[in-house]
Amino acid sequence: MGNNLDRIVTVSIDIASPIIDSTSFDNLLIFGPAPKIAAPVIPPAGTEEDTEVSAAAEQAAPLAEQPTPPAIGVYNSLEEVTSAGFVAVGDDADIVGVAARIAFSQSPKPSTIYIATFAEDGNLAETLDSLLGMDGWYVLCPVGFTEDQLTTIIEWTEAQKKICGYAAYKPATAAQKIYYRSFGIFCKESYAQPDDEVSMANQCIAVAWATKCLFYHAGRETWAHKSLSGIAPSALNSTEIRKLEDGNISYFITTASKNITYNGKTLAGEWIDLIRFRDWLENDMQVRVANLFITNPKIPYTDKGIALVQNQMIASLKSGIYWGGIAPDEYDEDGNLVPAFVTHVPLSASLTAAQKASRRLTDCWFTARIAGAIHFVEIKGTLAYEL
């Protein structure tokens with residue numbers, strides 16, 4: 001028997017669930033050849049002894065079978081990577097297995113990495129498109145590709161909200177300096193080292209670098225001055241360093257007994273951390289404003305409704321200050337406020353009836369000051385007997 005309360009009042013509650021953002025700016029995806037499958041060597045039939053050896057090899061063949069990794073998978077440890085069929089150490093190591101080992105060797109260790117494989121007879125463009133079918137990764141690190149294949153990967157990355165990091169054997173060319181979403185870090189131990197003598201570990205230097213920097217929230221990091229585990233540093237003179245810097249290629253050298261990275265730019269010369277923070281801020285503001293519409297039955301086309309949109313813009317920009325990508329309010333030498341950001345939205349009365357009828361709100365904009373990072377300090381002083 002009911003309590004008869006619904007004879008007096010009825011209550012129905014709707015749950016306004018916000019968007020759960022699946023976009024990540026913190027994880028890397030290692031992309032390279034599928035693992036080598038070691039098949040048993042069976043000599044051709046001939047003598048009785050050969051026949052016995054062949055039979056024994058055929059019997060042992062199932063034991064030599066290796067697991068086949070998924071086209072794209074998520075891994076939380078090196079053990080999971082090797083269990084999927086990749087060899088991470090030794091003479092028979094797979095380049096992808098080595099890359100995973102280098103990633104999990106960094107400190108702090110990543111909680112998650114993504115790995116995607118490419119078959120030699122596959123279509124590279126189609127395989128790249130398929131990578132977008134799994135959310136959660138941001139930096140694409142190709143390993144084990146030819147120069148032409150790498151160019152295809154870089155060109156594909158430019159059209160995505162992702163970035164690509166690779167091991168560079170030389171400075172970027174003029175043709176490569178148009179790419180804002182790809183970066184190279186010099187992988188040779190010396191400028192004159194032959195390309196085919198670069199160790200597998202150093203071929204994965206971009207994996208180590210990305211792992212190290214993605215540990216920090218977007219806006220909190222610079223890609224310069226980072227120590228990398230498992231990577232041999234380069235021995236470079238000033239002329240060679242200038243060539244790499246002019247070619248927008250970063251490098252890893254020994255400084256005061258510590259091995260650290262330098263530069264931190266994309267091929268086009270923009271700072272990697274700024275590209276990453278820009279992508280994060282765009283996504284954060286988009287999600288906040290979208291949730292405003294999803295969690296409210298209506299946002300009126302009035303000053304009050306427009307202000308709600310502006311509030312979400314401001315909330316996102318304040319989050320950018322918190323994470324270090326946007327400079328906070330500061331003051332000039334005269335004590336005047338230099339604001340962190342300025343936002344603008346139109347007044348309802350200034351909009352035409354046609355604009356309101358379209359239900360599209362435009363002319364919303366902001367300007368924010370980039371916090372940036374200090375990479376170099378110049379100090380000059382004088383010693384005197386009296387000040």
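Our subject is the structure that appears above.
Being a predicted model, the structure only gives us computed values, none of them experimental.

K.L.:
Talk me through the overall build of the chain; I want residue IDs and the actual numbers.
P.N.:
In terms of regular secondary structure, the chain is built from ten helices and twelve strands. In terms of overall size, the chain is more extended than a compact globule, its C-alpha atoms giving a radius of gyration of 28 Å where 387 residues would be expected to give roughly 21 Å. When the backbone C-alpha atoms are referred to their principal axes, the chain occupies close to 95 × 95 × 40 Å. Counting the 387 residues in the chain, one finds 40% classified as buried. Contacts in the chain between residues far apart in sequence, at least 24 positions, make up 65% of those at least 6 positions apart. Across the chain, the 28 positively charged side chains and the 46 negatively charged ones have centroids separated by 13 Å.

K.L.:
Describe the pairing of strand β3 (residues 113-118), with residues and values.
P.N.:
In terms of burial, β3 is largely enclosed, as six of its six residues are buried. By the alternation rule, side chains of β3 split into I113, I115 and T117 and Y114, A116 and F118, which are all buried. Bridge analysis of strand β1 (residues 28-33) against β3 gives five bridges, and the strand direction is parallel. Looking across to β3, one finds that G32 is bridged to T117. With four bridges connecting them, strand β2 (residues 72-75) and β3 associate as antiparallel partners. Within β3, the position partnered with I72 by the bridge is A116.

K.L.:
Any details on the side chain of E240? Residues and values, ideally.
P.N.:
As for its placement among the helices and strands, E240 is situated in helix α7 (residues 238-246). Within the buried set, E240 has no salt-bridge partner at all; the shortest N-O distance to an opposite charge, 6.8 Å, is to K243.

K.L.:
Mind laying out the environment of P108, listing which residues take part and the relevant values?
P.N.:
Relative to the helices and strands, P108 is located in the loop between α3 (95-105) and β3. For P108, a relative accessible area of 31% gives the class partly exposed.

K.L.:
Describe helix α4 (residues 124-131), listing the residues and the values that go with them.
P.N.:
For the α-helix, the turn length of 3.6 residues means that residues three or four positions removed from each other point alike. Looking at α4, one finds that the buried residues are L124, T127, L128 and L131. Relative to the axis of α4, the buried residues are bounded by an arc of 100° and lie together on one face. Contacts made by the buried residues of α4 are with β1, β2, β3, β4 (139-142) and α5 (147-158). Of the residues that open α4, the one with a side-chain oxygen 3.1 Å from the backbone nitrogen of A125 is N123.

K.L.:
Summarise the pattern of salt bridges; cite the residues concerned and give the values.
P.N.:
For the structure shown, the criterion picks out eleven salt bridges. R278 serves as the salt-bridge partner of D279, at 3.1 Å between the closest nitrogen and oxygen. Its relative accessible area of 0% is what places D279 among the buried residues. Overall, R278 belongs to the partly exposed group, its relative accessible area being 35%. A network of salt bridges, in which partner residues are shared, links D26, E221 and R276.

K.L.:
Which residues make up a nonpolar patch on the surface, and what are the values?
P.N.:
Taken together, L5, I8, V9, V11 and I13 make up a surface patch of nonpolar side chains, about 590 Å² in accessible area. Within the secondary structure, I8 sits in the segment before β1. Residue classification places I8 among the exposed residues on the basis of a relative accessible area of 73%.

K.L.:
Describe in detail the environment of L274, supporting the description with residues and values.
P.N.:
Of note, L274 is situated in helix α8 (residues 272-294). Separated by 90 residues in sequence, L274 and G184 place their C-alpha atoms 16 Å apart.

K.L.:
Help me get a handle on the sheet that holds β4, residues and values and all.
P.N.:
Pairing is mixed across the open sheet formed by six strands, whose spatial order is β2-β3-β1-β4-β5-β6. Looking at which strands have only one partner, the edges of the open sheet turn out to be β2 and β6 (182-186). Between one strand axis and the next, the sheet turns by 25° as a mean value, whatever way the strands run. Relative to β1, α3 is tilted by about 160°, and along the sheet it contacts β1, β2 and β3.

K.L.:
With reference to specific residues and values, describe the nonpolar core.
P.N.:
What tends to happen in soluble globular proteins is that the nonpolar side chains get buried as a cluster. In terms of nonpolar packing, the biggest core is built from 57 residues, with I30, I113, I115, V139 and V207 touching the most fellow members. Discounting residues that sit within four places of it in the chain, I30 has contacts with V96, A99, A100, I113, Y114, I115, A116, C141, V143 and V207. Counting residues in hydrophobic clusters, the runner-up holds 29 residues, among them L128, L140, A168 and L236.

K.L.:
Outline the packing of α8 against helix α9 (residues 303-322), supporting the account with residue identities and numerical values.
P.N.:
Orientation of α8 relative to α9, taken along the N-to-C sense of each, is 150°, at an axis distance of 9 Å. Between α8 and α9 lies a crossing of right-handed hand. Taking contact as the criterion, the partners of F277, W280, L281, D284, M285, R288, V289, L292 and F293 in α8 are, on α9, L308, V309, Q312, M313, A315, S316, L317, S319 and G320. Of the residues contributing to the contact of α8 with α9, the split by class is twelve nonpolar, four polar and two charged.

Conventions used here
- Residues numbered from 1 in each chain as written.
- Predicted model: local features only at pLDDT ≥ 70, side-chain atom pairs only at ≥ 80, totals over all residues.
- Heavy atoms only, no water.
- Helix = DSSP H or I, 4+ residues; strand = E, 2+ residues; numbered from the N terminus.
- Rg over C-alpha atoms; globule rule 2.2 N^0.38 Å.
- Buried < 20%, exposed > 50% of the residue type's maximum accessible area, 1.4 Å probe, protein only.
- Contact = heavy atoms within 4.5 Å.
- Lys, Arg positive; Asp, Glu negative; His and termini not counted.
- Charge placed at Lys NZ, Arg CZ, Asp CG, Glu CD.
- Pairing = 2+ DSSP bridges.
- Salt bridge = Lys/Arg side-chain N within 4 Å of Asp/Glu carboxyl O.
- Arc of directions from axis to C-beta.
- Polar contact = N/O pair within 3.5 Å; in protein donor to acceptor, adjacent residues only side chain to side chain.
- Patch = residues over 30% accessible without salt bridge, like charges linked within 9 Å, V, L, I, M, F, W, Y side chains within 5 Å.
- Areas by Shrake-Rupley, 256 points an atom, 1.4 Å probe, with all protein chains shown as cover.
- Axes fitted to C-alpha atoms, helices over the stretch in contact; angles between N-to-C directions.
- Core = buried A, V, L, I, M, F, W, Y, C linked by side-chain atoms within 4.5 Å.
- Left-handed = near helix turned anticlockwise from the far one by under 90°.
- Nonpolar A, V, L, I, M, F, W, Y, C, P; charged D, E, K, R; others polar.

These figures capture arrangement, not role.
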